[in-house]
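Chains, contacts and geometry: an overview
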Amino acid sequence: MNLTIIGAGYVGLVTGAVFSDFGNKVRIIEIDQEKIKKLKKGEVPFYEPGLKELVAKNTAKKNLQFTNSYQEAIPKSEIIFVCVGTPTKNLQGGKPDLSYLYEATKSIAENLKEPAIIVVKSTVPPGTNMKLAEWMKKFTKVDFNLASVPEFLKEGTALEDSFHPSRVVIGAENKLVIKKLLLLHKKIPGKRLICNSSSAQMIKYASNTFLPMKITFANSLAILCEKLGADIKEVTKGMGMDKRIGPLFLDAGLGYGGSCFPKDIAALVGLAENAGFDFKLMKAVQKTNEEMINHFVRKTEKLCQGSIKDKVIVVLGLAFKPGTSDMRESRSVSLIKELQKKGALIRACDPVAIPEAKKLLTNVEYFLDPYKALEGADVLMVGSGPYSWEEYKNLDFVKLKKIMKGKVVIDSWNIYNKDKLKKLGFTYEGIGR
Ligand code: UGA
């Protein structure tokens, strides 16, 4: 099929690469000329395992092309995916900004020559498609249908999530549209859910707010475990064995971050407020997540005899989670800023995110090699989680014992063997154990 994708961000680029790999002819429209230049040279603007290779393979086959021209791409397309950002400016509870969505759909409408299906992949409030249909009709007389197919990929495992999703949700009101979208997704395994477009849009918000709620529950429980002498890892393992609960997204740590969970919770809180409903549960999740940073700062102070002033603290992992260079709403950034307020001297390591981190942090010394960073340091602190980079997980603590000045380990995501570290003479604290 002939497809066009609007936006070469995370969702757009991955969607384009995946559908082109199935033999479809895909054009990606991106307004940022610099980005297009790079993509044409085979450079992917962010780190995502396997994506560069997949883009290069399908660009060489001419199944995947990049352009900044709606005029060139839209008339030839049967299905057009809108994958533009819908940021929420106020992360406490604001409406998502749909201006990119409205701009993109206007440009699509102005360039339609044949009937087409426009699929909204961006995360948008339920009911948006009805408004978009009215809006687009102002700019075209050509027939079109709107649908909503939300994206559930995770950064760091984007290709695996896209080639093997748990489900494909197709939100559409027209039977022929549903048939065509089912055909397009034929080679993709996973369950199918056909529903109306508003439900599809709500499924995305519901999933992206339920998961951080689950994480936040584990974090609160972890604090209680510390007080009552239980071990959160054992507790969540036991909970997860119940099929109704499930083991995933129960890893306690610094809290959730990233470009999606904080933004989507804020949007849902804002949408609820607009609809006259006070979503107290999600507000509590936001507040509790924020408080996790101070929990860790207090822990560090306690292990450093009450003060971290002038202590050299090495933070391992800067991106919002391991496996990505994405720094958006990274917990490591909030953590580092709080530690700096208390006078700590920060050294930081990350295999791929240092260039991005430099844009957000000041007075930080950066290292690629964790052993160099930890030479003469007082505290080792795990930054990104929950699984952590292999090189940080498998550190040689016998060697570290010799080169570190202090022997404090703050294992923010419980990735180390606490008994082994204690035996070696480290002062160890994880979370909830
Ligand atoms: C999230 C969702 O998981 C995807 O399904 C969704 O498609 C995506 O948002 C999106 O809307 O685009 P992502 O933000 O890439 O994906 O990353 P996650 O792996 O979900 O992690 C989000 C945050 O939760 C990270 O800060 C991570 O450290 C934290 N987390 C995750 C925990 O604190 N504990 C856990 O057990 C799992």
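Another point: the pattern of salt bridges. With the rule as written, the count across this model stands at 29 salt bridges. A salt bridge links Asp242 to Arg244, with the shortest nitrogen-to-oxygen separation between them at 2.7 Å. Linking Arg347 and Glu365 is a salt bridge whose minimum nitrogen-to-oxygen distance equals 3.8 Å. Taken together, the residues span a long stretch of sequence, with Arg347 in strand 10 (residues 345-349) and Glu365 in strand 11 (residues 364-367) at a distance of 18 residues. Taking relative accessible area as the criterion, Glu365 reaches 44% and is therefore assigned partly exposed.

Taken together, 21 residues lie near the ligand, and Leu153, Glu155, Lys204, Asn208 and Gly257 sit nearest. Residue Phe152 places a main-chain N or O atom 2.9 Å away from an oxygen atom belonging to the ligand. When the free accessible area of the ligand is taken as 720 Å², the share hidden by the protein chains comes to 96%. The element that contributes the greatest number of residues to the shell around the ligand is helix 9 (residues 197-228), accounting for three residues. Taken together, the residues of the shell around the ligand break down into eleven nonpolar, four polar and six charged.

Domain annotation for the protein chain reports domain 1 (2-195) and domain 2 (197-433). Taking the mean C-alpha position of each, domain 1 and domain 2 sit 32 Å from one another. At the interface, 36 residues of domain 1 touch 32 residues of domain 2. Summed over the shared surface of domain 1 and domain 2, the number is one salt bridge. The residue Arg328 makes a salt bridge to Glu155 at a minimum N-O spacing of 3.7 Å. Scanning the region where domain 1 abuts domain 2 turns up twelve residue pairs in polar contact (both at pLDDT 80 or more). Every element with two or more residues in the side of domain 1 that touches domain 2 is listed here: helix 6 (128-137), strand 7 (167-171) and strand 8 (191-195).

This part is about the packing of aromatic side chains. Per the stated rule, a full pass over the model turns up eleven aromatic pairs. Aromatic pair Phe22 and Phe163: ring centres 5.7 Å apart, planes at 85°, arrangement edge-to-face. Here Phe163 lies in helix 7 (residues 158-163) and Phe22 lies in the loop between helix 1 (10-21) and strand 2 (25-29), a separation of 141 residues in the sequence. Here the aromatic rings of Trp135 and Phe139 are separated by 4.9 Å at their centres, their planes lie at 75°, and the arrangement is edge-to-face. A relative accessible area of 24% places Phe139 in the partly exposed class. Aromatic ring contacts, followed pair by pair, group Tyr102, Trp135 and Phe139 into a single cluster. The lysine or arginine in question, Arg167, covers the ring of Phe152, its NZ or CZ lying 3.6 Å from the ring centre. Positioned over the ring face of Tyr371 is Lys399, at 4.1 Å from the centre of the ring.

Ile313, Leu339, Leu380, Leu395, Phe397, Leu400 and Tyr416 are the most contacted members of the largest nonpolar core, which totals 62 residues. Beyond its immediate chain neighbours, meaning those up to four positions away, Leu380 contacts Val314, Leu316, Leu374, Leu395, Phe397, Leu400, Met404, Val408, Val409, Ile410 and Tyr416. Ala17, Leu51, Ile170 and Leu181 belong to the second-largest nonpolar core, a separate cluster that totals 38 residues.

Tracing the chain through its elements places Leu374 in helix 15 (residues 370-374). Owing to a relative accessible area of 0%, Leu374 belongs among the buried residues under this scheme. For the pair Leu374 and Lys401, spaced 27 residues apart in sequence, the C-alpha separation works out to 9.9 Å. When neighbours within four sequence positions are excluded, Leu374 is seen to be in contact with Val314, Arg347, Val379, Leu380, Leu395, Leu400, Ile403 and Met404.

Procedures and definitions
Residues numbered from 1 in each chain as written. Predicted model: local features only at pLDDT ≥ 70, side-chain atom pairs only at ≥ 80, totals over all residues. Heavy atoms only, no water. Salt bridge = Lys/Arg side-chain N within 4 Å of Asp/Glu carboxyl O. Helix = DSSP H or I, 4+ residues; strand = E, 2+ residues; numbered from the N terminus. Buried < 20%, exposed > 50% of the residue type's maximum accessible area, 1.4 Å probe, protein only. Near = heavy atom within 4 Å. Polar contact = N/O pair within 3.5 Å; in protein donor to acceptor, adjacent residues only side chain to side chain. Areas by Shrake-Rupley, 256 points an atom, 1.4 Å probe, with all protein chains shown as cover. Nonpolar A, V, L, I, M, F, W, Y, C, P; charged D, E, K, R; others polar. Domains from an automatic or database assignment. Contact = heavy atoms within 4.5 Å. Phe/Tyr/Trp six-rings, centres within 6.5 Å; stacked < 30°, edge-to-face > 60°. Lys NZ or Arg CZ within 6 Å of the ring centre and 35° of its normal. Core = buried A, V, L, I, M, F, W, Y, C linked by side-chain atoms within 4.5 Å.

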